[in-house]
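Chains, contacts and geometry: an overview
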Amino acid sequence: MSGIGSIAEVGVPSARSRALAVLRVRSRALAVVLLPAAVAVVLVAARLTGRLVGDPWPAVTLVVCVVAALVLFVGGTFAAVVLRARPALTPTVPLSEAAAPDLYRLVRDLADRMDVPAPSAIALTPDCDSWLEDRTHPAHRRSGMSPGRPESEPGAAPVLVIGSPFLWWMRVAELRAVLAPVIAGTGPSAHPDIADARGFVRGLDAAVDVGSRRGLGWVARPARLLLRLCRVDAAEMERGVAAAASDRAQDVDYGLRITAQEQVGLAYAGWDRLLTRVALPAWRMGRWPARLDAGVVSALTELSRRDRLAEGFTSRLGERPACDLLEQPGAVDEAASLLAARLFHGGPAEAGPQWSPVDWAEYPEQVVDRKWRLEAARLHAALDALAVPAGPPVERVLGYLTATGGQGAEAAARGESLAGCLAREERSAGGGAEPAGGSARASDAVPLFPLQEPRSGRDLLTDHVTALVCCAAVDSARAEPGLDWLDGPVLRVAGERRSDLAPSVLCLVEDGDPEPLRAWLAKIGVRPEKPVRLV
């Protein structure tokens, strides 16, 4: 089985013709570098044969030779940088064949059915997407990023990267249908022209990054120029490859693929909600949920229950889940969850005393309650910094933010001062994490894909007042912290979620009107003059 065959012509021009256009850009760049040298060779040959004698040819020949040598040196240096620059690799969780033999068999069976090379390896990413990634660049072997692995050997097939949420939410048949067009891409990828063009573009992209280093800043400018010249053709080449792969996979589970694509959209919605509403508060506390992929099933099940558009999707849960293709799904889920925390929040690469996992059963106590207590303590400290008279925490906040005697502007100004103080406190605390957790973060642990922009001062004030009220409810009204799979931390009173607190807090923060919040506190049995445990 060759696996390369002919590239399906879906649209004009084909992927191969676009790849040749990219390579022509490289050839023209090479010709520009060699042109002064060619002129120098002609002049030197003419001088040696006596065809160019007398002035000004000796000086002209010398100048052209110097220019040619300089251009060759610069061009050679640039070419060496492009060849040796290490293209970026997506951080993933490697999945060996021993850890997922059934998944490897499924992938190879799909490759055999479509007559394409099987991916050289499988890796997981904590995102709702799947793609092929070439890891054969020599720079990866030199840096030790993939030593001795088959996917790093010259000529190896690309690595299949699968979104880890797919394995837990999708059924085996659905995963097979979704992966078919992705795996089919190994056929066009094996074509020499396409592989060469992709390698050239990846080298240029890596050279742009190298250009940010000291002494090599000039490299970025020609690299960006060449990228601009081949950008359109490279994009059309990738579209052609995708069209060819889709055409090759038409006969493999095509009917089921339509249904499976609906699950992809649903999984993306649930995963995004789980990360921003549930995982992010834990990460800010120096804890990382160790079963994010299992959590996405709960989140999507809850979404299916609430949203009529998702009705019927949970009936699939009786079928075999794709995570059954793994030997140890729990260990894989934990590794993917830790990687998600690093990618989306910038946490350390390994667990530690200040960066520890948390199970879903412990989440309300270990994350929600601690989050509320820390925010309430920060609000109390901000009031101290503003020299607000001491008193019971809830009554103190109500009195400070209340607009009295029509002095709405004065109350708004006090709110802005308090909000600004909270914003400074959060920045000094490392974005909401505990100071100890912040110090444990590595210096290079910058999130590649931050989930949220920094919160405004008014949003911070609303969140902190809500946290203080929740603490008071837990302390004196027999309420308890809870976890909602779609909304994150919630307050439960008598086992029922209370979702009517937010409007009352907004009335106090935005309008200086404390009456709705006082009525809410009285309704659930909280007395504002009672003390609140802040730590």
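Everything numeric in this text was worked out from a predicted model, so none of it was measured. (Residues numbered from 1 in each chain as written. Predicted model: local features only at pLDDT ≥ 70, side-chain atom pairs only at ≥ 80, totals over all residues. Heavy atoms only, no water.)

1. Focus on the overall build of the chain
- When you go through the chain residue by residue, the secondary structure sums to 19 helices and 9 strands.
- A burial count over the chain gives 47% of its 535 residues as buried.
- A separation threshold of at least 6 residues defines the contact pool for the chain, and within that pool the share at least 24 residues apart is 78%.
- Carbon together with sulfur atoms contributes 56% to the accessible area of the chain, which is approximately 25,300 Å² in total. (Helix = DSSP H or I, 4+ residues; strand = E, 2+ residues; numbered from the N terminus. Buried < 20%, exposed > 50% of the residue type's maximum accessible area, 1.4 Å probe, protein only. Contact = heavy atoms within 4.5 Å. Areas by Shrake-Rupley, 256 points an atom, 1.4 Å probe, with all protein chains shown as cover.)

2. A closer look at the environment of Val-71
- Counting through the fold element by element, Val-71 comes out in helix 2 (residues 57-84).
- Spatially, the C-alpha atoms of Val-71 and Ala-37 are 8.2 Å apart, while their sequence positions differ by 34 residues.
- When sequence neighbours within four positions are dropped, the list of residues in contact with Val-71 reads Val-33 and Pro-36.

3. Quick look at the nonpolar core
- If you look at the biggest cluster of nonpolar residues, it comprises 118 residues, and the most contacted ones within it are Trp-283 and Val-465.
- In terms of residue count, helix 10 (residues 254-284) provides more of this core than any other element does, 12 residues in total.
- For Val-465, the residues in contact, after removing those within four places along its chain, are Leu-379, Val-397, Leu-401, Val-505, Leu-508 and Val-509.
- Judged by nonpolar contacts, the second largest core, of 24 residues, contains Ala-19, Val-81, Leu-204 and Val-208. (Core = buried A, V, L, I, M, F, W, Y, C linked by side-chain atoms within 4.5 Å.)

4. Structural notes on helix 1 (residues 15-48)
- Counted at 1.5 Å a residue, the expected span for helix 1 with its 34 residues is 50 Å, and the 48 Å between its end C-alpha atoms agrees.
- Leu-34 marks where helix 1 bends most, by close to 35°; the proline Pro-36 follows one to four residues later.
- All of the buried residues in helix 1 are Ala-15, Arg-18, Ala-19, Ala-21, Val-22, Leu-23, Val-25, Pro-36, Ala-37, Ala-40, Leu-43 and Ala-46.
- At its buried positions, helix 1 is contacted by helix 2, helix 8 (192-210) and helix 9 (220-248).
- Two residues or fewer after helix 1 comes Gly-50, characterised by a positive phi angle close to 80°. (Expected span 1.5 Å × (residues − 1). Bend = angle between axes of the 7 residues up to and from the residue.)

5. Overview of the pattern of salt bridges
- Scanning the entire structure with this criterion turns up 25 salt bridges.
- Among the ionic pairs, Arg-202 bridges to Asp-134, the shortest N-O distance being 3.4 Å. Of this pair, Arg-202 sits in helix 8 while Asp-134 sits in the loop between strand 3 (130-133) and helix 4 (138-142), and the two are 68 residues apart along the sequence.
- Arg-527 serves as the salt-bridge partner of Glu-529, at 2.9 Å between the closest nitrogen and oxygen.
- When its relative accessible area of 48% is taken as the criterion, Arg-527 is described as partly exposed. (Salt bridge = Lys/Arg side-chain N within 4 Å of Asp/Glu carboxyl O.)

6. Focus: a nonpolar patch on the surface
- Taken together, Leu-70, Phe-73, Val-74 and Trp-218 make up a surface patch of nonpolar side chains, about 410 Å² in accessible area.
- With respect to the element layout, Trp-218 can be found in the loop between helix 8 and helix 9.
- With relative accessibility at 35%, the residue Trp-218 sits in the partly exposed group. (Patch = residues over 30% accessible without salt bridge, like charges linked within 9 Å, V, L, I, M, F, W, Y side chains within 5 Å.)

7. Brief notes about a negative patch on the surface
- A cluster of acidic residues, Glu-510, Asp-511, Asp-513 and Glu-515, forms a negative patch on the protein surface.
- Following the sequence through the fold, Asp-513 ends up in the loop between helix 18 (501-511) and helix 19 (515-524). (Lys, Arg positive; Asp, Glu negative; His and termini not counted. Charge placed at Lys NZ, Arg CZ, Asp CG, Glu CD.)

8. Side note on the packing of helix 17 (residues 457-476) against helix 18
- At their nearest, the axes of helix 17 and helix 18 sit 10 Å apart, and the two run at 125° to each other. The angle between helix 17 and helix 18 falls in the class oblique. Pair helix 17 / helix 18 crosses with right-handed handedness. Counted together, Arg-458, Leu-461, Thr-462, Val-465, Thr-466, Val-469 and Cys-470 of helix 17 and Leu-501, Val-505, Leu-506, Leu-508, Val-509 and Glu-510 of helix 18 form the full contact between these two elements. (Axes fitted to C-alpha atoms, helices over the stretch in contact; angles between N-to-C directions. Parallel < 35°, antiparallel > 145°, perpendicular 65-115°, else oblique. Left-handed = near helix turned anticlockwise from the far one by under 90°.)

9. Let's talk about the sheet that holds strand 4 (residues 159-163)
- Strand order in this open sheet of 4 strands is 1-2-4-3, and the pairing throughout is mixed. At either end of the open sheet lies a strand with only one pairing partner, and these are strand 1 (93-95) and strand 3. Here the strands of the sheet are splayed against their neighbours by 30° on average, with no regard to which way each runs.
- Most of the contacts of helix 3 (residues 101-114) go to strand 2 (residues 121-125), to which it runs at about 115°, and overall it touches strand 1, strand 2 and strand 4.
- Against the sheet, helix 12 (residues 329-345) touches strand 1 and strand 2, its axis set at about 155° to strand 1. (Pairing = 2+ DSSP bridges.)

10. A closer look at the packing of aromatic side chains
- As enumerated under the stated definition, the model contains 2 aromatic pairs in all.
- The interplanar angle of 45° and the centroid separation of 5.9 Å between the aromatic rings of Trp-360 and Tyr-363 together place this pair among those described as tilted.
- Using a relative accessible area of 16% as the deciding quantity, one classes Trp-360 as buried.
- Each ring, one from Trp-360 and one from Trp-485, has its centre 4.9 Å from the other, and the planes form 75°; the classification is edge-to-face. Of this pair, Trp-360 sits in the loop between strand 6 (356-358) and helix 13 (363-385) while Trp-485 sits in the loop between strand 7 (479-484) and strand 8 (488-493); the two residues are 125 residues apart in sequence, bridging distant segments of the chain.
- Three or more aromatic residues joined by ring pairs make a cluster, and in this case those are Trp-360, Tyr-363 and Trp-485.
- Of note, Arg-26 hangs over the ring of Phe-200, and the distance from its end group to the ring centre comes to 5.9 Å.
- Lying across the ring of Tyr-400, Arg-414 places its NZ or CZ 5.6 Å from the centre. (Phe/Tyr/Trp six-rings, centres within 6.5 Å; stacked < 30°, edge-to-face > 60°. Lys NZ or Arg CZ within 6 Å of the ring centre and 35° of its normal.)

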